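Chains, contacts and geometry: an overview
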Amino acid sequence: MMMRGSSSRGSSMAHNHWTNISSRPPFSDLSDINNNKCLPGQPSSTKINSKPKTLPREHIDRYKRGDTHPVSALYQLSQVLQFQLDMKETVTTGVTGFYFAFCAVIDGVHYKTGMGITKKEARAKAAELALEELISSLENDGIPSDVSEGPPPLPVREKDSTITEVHSGRAVIERKNPIKDQVPVVVREMFTKLMDSYPEFSGCGGTVAAFVMLSPAGCEVVALGTGSSNTKSSPAPTGRILHDSHAAVTARRSLMRFLYRNLLLFFSKNSALEEKSVFQQDQTTKLLSLKNHFTLHLYLSQLPKGAAQIPSQLRLNPLSISAWEVNYQIGLHAVVEGKVFSKFSSSYEQMGSHVVSMSATDKIMQWQVLGFQGALLSHFIEPVYVSSIFIGDGSCSDTRGMEMAVNQRVDGITSALPLYYCVYRPHISLVSSAVPPDAHPSQKSLSLNWSHGDLLVEVVNALDGKSTEDSPFKSSPALASRLCKAAMLSRFNLVAKEAQREELLTAVTYREAKMMAKPYQEAKSVLKSYLGRKGYGQWVEKPPISDHFSM
């Protein structure tokens, strides 16, 4: 049984509370906190962070008397207490029959899931569950006078928690900055550390993308990439050329390396190493997913190329703007040698034999439907989505274009997708820049990549799709990047062997291994057909020759 929509994965029926264990390093031994009923990153506190200094008693009493619908009551409280509220449709399994499912998300905190035979019923139940905990917290703790802006914390129930000691002392659970404040800080720290270690490559840090994982241990960068161009090289049947080195794409491929590394930990047959993995296994499907209370977030130093950069005055209203201009702006975009073109432009049609990639915006939209893991990793894990996208672009005044391009263009596709796949609508917001103001992109053709566990960064010449001669990390004299398709296939074969998935080892070529991931390929086909029917344009496919290689 499955509820379709967008949500965090894992045990959505459990009590979802947020804590932060400040004395533990990220991705350390988590064996004593896996049963904690709190989620990471939004720690509890004994104070309610809201601006009003009196309890919103009138709103609460009206709701308790049944005079106010649960959804209306929750939105009223969000206005009074000044927290951000989102009612998200979610995906879950394990219940017999067909139900819709929703959960309330308050400043990134996912409350308990409500289910119903209609969306209206499920939304109301989700609001009821959130109000139950929210009102309890308000009434038990009151509203202090020295408050600061933020969501009301979830109560910490001692009977639900197995955390009693950390390093021979009591667990420290304290209120820290919300995730949107934490992400730019940790990205800035990591970016600065890398640039300080390799000052000769500071010029390739103009455009930065990073994936940040939030866990019970804290907030940490797990993958980072820079870059703003793609290759001039023609596709070849070797799998050793990087065709797209834009920051978001580079960071995503670095994330894939991080996921492969954690799969090897999980399948190591060593309990200590397995515990360090970010994955847990569904005993029914045998697929892996991120552990409960682990969430992924994407930071972008600039709005990505493509439809995300549409003019803010554009409206999807045929009475206010021509249908042609709407298609031109919000439709699919392609990138050729770093320059972006609408799929409807005459300039794009003249590109001829140039190597073409889809824009970063379009790829992010695709990943939020198919998952950031890609086809090969989908043999082992459920789709991996990001919960939030943070834009650290000082010149950007709103995220409307990003919302339209990433979320609205694929509204309505979920019901056609296969099991585990959905339209996961990330929360998109503006944050402070994580890139130092003196980071000038003087080396625009270079792209830098790093993932958690790497000792050295790799620097790639985006124009030829290979590592540079002076890159700190070089995989071989041939300078094939560690992000290339051949490197990914090598990791795939290694994980398949460790997982004892002999059927996957029968794939002769990279393309064959990808096509064996049938649910992923079905979801991909549904997405492309949907975009075409909606008038957004046709997805650009790489020439098949680029995937016909073997190890």
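Rules of the game
- Residues numbered from 1 in each chain as written.
- Predicted model: local features only at pLDDT ≥ 70, side-chain atom pairs only at ≥ 80, totals over all residues.
- Heavy atoms only, no water.
- UniProt positions renumbered as here; feature names shortened; annotations may be inferred.
- Helix = DSSP H or I, 4+ residues; strand = E, 2+ residues; numbered from the N terminus.
- Buried < 20%, exposed > 50% of the residue type's maximum accessible area, 1.4 Å probe, protein only.
- Contact = heavy atoms within 4.5 Å.
- Areas by Shrake-Rupley, 256 points an atom, 1.4 Å probe, with all protein chains shown as cover.
- Pairing = 2+ DSSP bridges.
- Axes fitted to C-alpha atoms, helices over the stretch in contact; angles between N-to-C directions.
- Parallel < 35°, antiparallel > 145°, perpendicular 65-115°, else oblique.
- Left-handed = near helix turned anticlockwise from the far one by under 90°.
- Phe/Tyr/Trp six-rings, centres within 6.5 Å; stacked < 30°, edge-to-face > 60°.
- Lys NZ or Arg CZ within 6 Å of the ring centre and 35° of its normal.

Where an unreviewed UniProt entry is consulted, the chain appears under the name Adenosine deaminase domain-containing protein 1, with the organism given as Carassius auratus. Recorded under Sequence similarities (unreviewed entry), the UniProt text for the chain is reproduced unchanged: "Belongs to the ADAD family." UniProt, in the comment section headed Subcellular location (unreviewed entry), describes the chain in these words: "Nucleus".

Considering the overall build of the chain
Scanning the chain for helices and strands turns up 14 helices and 20 strands. A buried classification covers 56% of the 551 residues belonging to the chain. Taking as baseline every contact in the chain between residues at least 6 positions apart, the subset at least 24 positions apart corresponds to 69%. For the chain, the computed accessible surface area is about 22,700 Å², with 50% contributed by carbon and sulfur atoms.

With respect to the sheet that holds strand β6 (residues 100-106)
The three strands are arranged β4-β6-β7 in an open sheet whose pairing can be described as antiparallel. Looking at which strands have only one partner, the edges of the open sheet turn out to be β4 (85-89) and β7 (109-116). Between one strand axis and the next, the sheet turns through 25 degrees on average, direction left out of account. As defined by bridge partners, β4 adjoins β6 across five bridges and the pair is classed as antiparallel. Paired with lysine 88 across the bridge in β6 is cysteine 103. The strands that helix α2 (residues 70-81) touches are β4 and β6; relative to β4, the one it contacts most, it runs at about 145 degrees.

Observations concerning the sheet that holds strand β12 (residues 295-300)
As summarised here, the arrangement of the eight strands in space is β17-β16-β12-β8-β9-β18-β19-β20, forming an open sheet in which the pairing is mixed. Of all strands in the sheet, those bounded by a partner on one side alone are β17 (427-430) and β20 (466-467). Across the sheet, helix α4 (residues 179-197) is in contact with β8 (208-215), β9 (218-226), β12, β16 (388-391), β17 and β18 (446-451); its angle to β9 comes to roughly 55 degrees.

Some points on the packing of helix α9 (residues 360-370) against helix α14 (residues 518-533)
Pairs of packed helices are described in terms of their axes, by the angle between the two and the distance that separates them. Running from N to C, α9 and α14 point in directions that differ by 135 degrees, and their axes come no closer than 10 Å. What the angle tells us is that α9 and α14 run oblique. Crossing hand, α9 versus α14: right-handed. Along the contact surface, α9 presents Met365, Gln366, Val369 and Leu370, while α14 presents Tyr520, Ala523, Lys524, Leu527 and Leu531.

Some details on unusual backbone geometry
For tyrosine 420, which is not glycine, the phi dihedral falls at a positive 85 degrees. Structurally, tyrosine 420 is set in the loop between α11 (400-406) and β17. Among the residues examined, tyrosine 420 registers a relative accessible area of 13% and is labelled buried. Within the chain, glutamine 500 stands out as a residue other than glycine whose phi angle is a positive 60 degrees. Turning to its location among the elements, glutamine 500 is positioned in the loop between α12 (485-498) and α13 (510-515).

Things to note about the packing of aromatic side chains
Considering all chains together, one arrives at seven aromatic pairs under this definition. Between phenylalanine 211 and phenylalanine 372 the ring centres are 5.4 Å apart and the planes differ by 80 degrees, which places this aromatic pair in the edge-to-face class. Linking phenylalanine 211 in strand β8 with phenylalanine 372 in the loop between α9 and α10 (374-377), this pair joins segments that are 161 residues apart in sequence. Here phenylalanine 211 matches phenylalanine 372 in class, with each residue buried. A ring pair is formed by tyrosine 510 and phenylalanine 549, whose centres lie 5.1 Å apart and whose planes are at 15 degrees; its orientation type is stacked. Of this pair, tyrosine 510 sits in helix α13 while phenylalanine 549 sits in the segment after α14, and the two are 39 residues apart along the sequence. Assessed through its relative accessible area of 3%, phenylalanine 549 is described here as buried. The structure contains a cluster of three or more aromatic residues connected by ring pairs, namely Phe211, Trp367 and Phe372. Cation over ring: arginine 123 sits above phenylalanine 102, and NZ or CZ is 4.5 Å from the ring centre.

A short note on the environment of methionine 516
With respect to the helices, strands and loops of the structure, methionine 516 is situated in the loop between α13 and α14. Measuring from C-alpha to C-alpha, the distance between methionine 516 and histidine 379 comes to 8.3 Å, with 137 residues separating the pair along the chain. Apart from residues no more than four positions distant in its own chain, methionine 516 is found in contact with His379, Glu503, Leu504, Thr506 and Ala507.

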